[in-house]
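# Tertiary structure, described
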Amino acid sequence: MGKIIAVTNQKGGVGKTTTAVNTAAGIAKLGKKVLLVDIDPQGNATSGVGVDKRAVRFSSYSVMISNVKAADAVVHTKFDNLDLIPSSMELAAAEIELVDVEKREARLKNALALVKPDYDFIFIDCPPSLGLITTNAFCAADTLLVPIQPEYYALEGLSQLMGTVRKVKRRYNEYLDIEGVLLTMYDGRLNLTQQVVEEVKKFFPRKVFSAVIPRGVRLSEAPSFGMPIMYFDKSCKGTTSYMELSEEIIKNNE
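Description of the structure in this document. (Residues numbered from 1 in each chain as written. Predicted model: local features only at pLDDT ≥ 70, side-chain atom pairs only at ≥ 80, totals over all residues. Heavy atoms only, no water.)

A word on the overall build of the chain. Assigned secondary structure in the chain consists of 12 helices and eight strands. Here the C-alpha radius of gyration of the chain, 17 Å, is about what a compact globule of 254 residues would show, namely 18 Å. With the C-alpha coordinates of the chain rotated into their principal frame, the extents come out at 50 × 40 × 35 Å. Looking at the chain as a whole, 55% of its 254 residues are labelled buried. For the chain, the share of sequence-separated contacts (at least 6 apart) that also reach a separation of at least 24 residues comes to 79%. (Helix = DSSP H or I, 4+ residues; strand = E, 2+ residues; numbered from the N terminus. Rg over C-alpha atoms; globule rule 2.2 N^0.38 Å. Buried < 20%, exposed > 50% of the residue type's maximum accessible area, 1.4 Å probe, protein only. Contact = heavy atoms within 4.5 Å.)

Attention shifts here to the sheet that holds strand 8 (residues 208-214). Spatial ordering of the open sheet is given by 3-4-2-5-1-6-7-8, a layout of eight strands whose pairing is mixed. Because the sheet does not close on itself, it has two edges, and the strands there are strand 3 (75-76) and strand 8. As paired strands, strand 7 (residues 177-186) and strand 8 are joined by three bridges and run parallel to one another. Bridge assignment links Tyr-186 to a residue of strand 8, and that residue is Pro-214. (Pairing = 2+ DSSP bridges.)

Soluble globular proteins: nonpolar side chains tend toward being buried together. Membership of the largest hydrophobic core comes to 46 residues, with the highest contact counts inside it found for Leu-35, Ile-39, Leu-112, Ile-124 and Leu-144. With six residues, helix 8 (residues 154-171) is the single largest residue contributor to this core. In this structure, Ile-39 is in contact with Ser-60, Met-64, Leu-91, Leu-108, Ile-124, Asp-125, Cys-126, Pro-127, Ile-133 and Ala-137, ignoring residues within four places of it in sequence. By size, the runner-up hydrophobic cluster in this structure holds 35 residues, among which are Ala-24, Phe-79, Met-230 and Cys-236. (Core = buried A, V, L, I, M, F, W, Y, C linked by side-chain atoms within 4.5 Å.)

Now the structure itself:
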């Protein structure tokens, strides 16, 4: 039975999609069967694994809004053990369309329940906001993986996020937990980085991943080639870091 992990942070530009794509691909490369679900209207996770979102028949929008079965929306990527439910432009309207739908916050959960047994891990790439689409991900997820950039405003965003998590736990998903907090765009030479890391560790004791993701040109180049970093450049620091994170997540879940 698969574990569902939503990759989320309402603050943009923290490496959320980069983390969703590369962690899913890294865990799949280590032999686990993985499904990546792109529910961000921008669809960057979809193109990040080499799938053209304009050419797909069904998407996460079809699954949440049009009652298409999740299995029918699955696309097999060219990477080992990695499947995708792609995003589409229509998702931008889904927030409004979901408002009048019955059990609107459980649409994704109910859809994924049918494919959950087929995968070891399901990763959901959330939009950078805390609206109804993200609420769907939080209801469906067992845990949240939160990438944060070690900067001054990061902690402000974290407390907002935790407020939303508490509401979702109270109303829809009492078992929702934090998988871990991931430090991205990490530069250990900066004093501010060290200060933020200390604060995050106080805020989330035992929930901060040992693996950290450095800034890297290769990490920013990989998506334009439609490839996860470990397939784009095997020897760069980004590959090492995301493979360490993948191993850490598998080990934590054994």
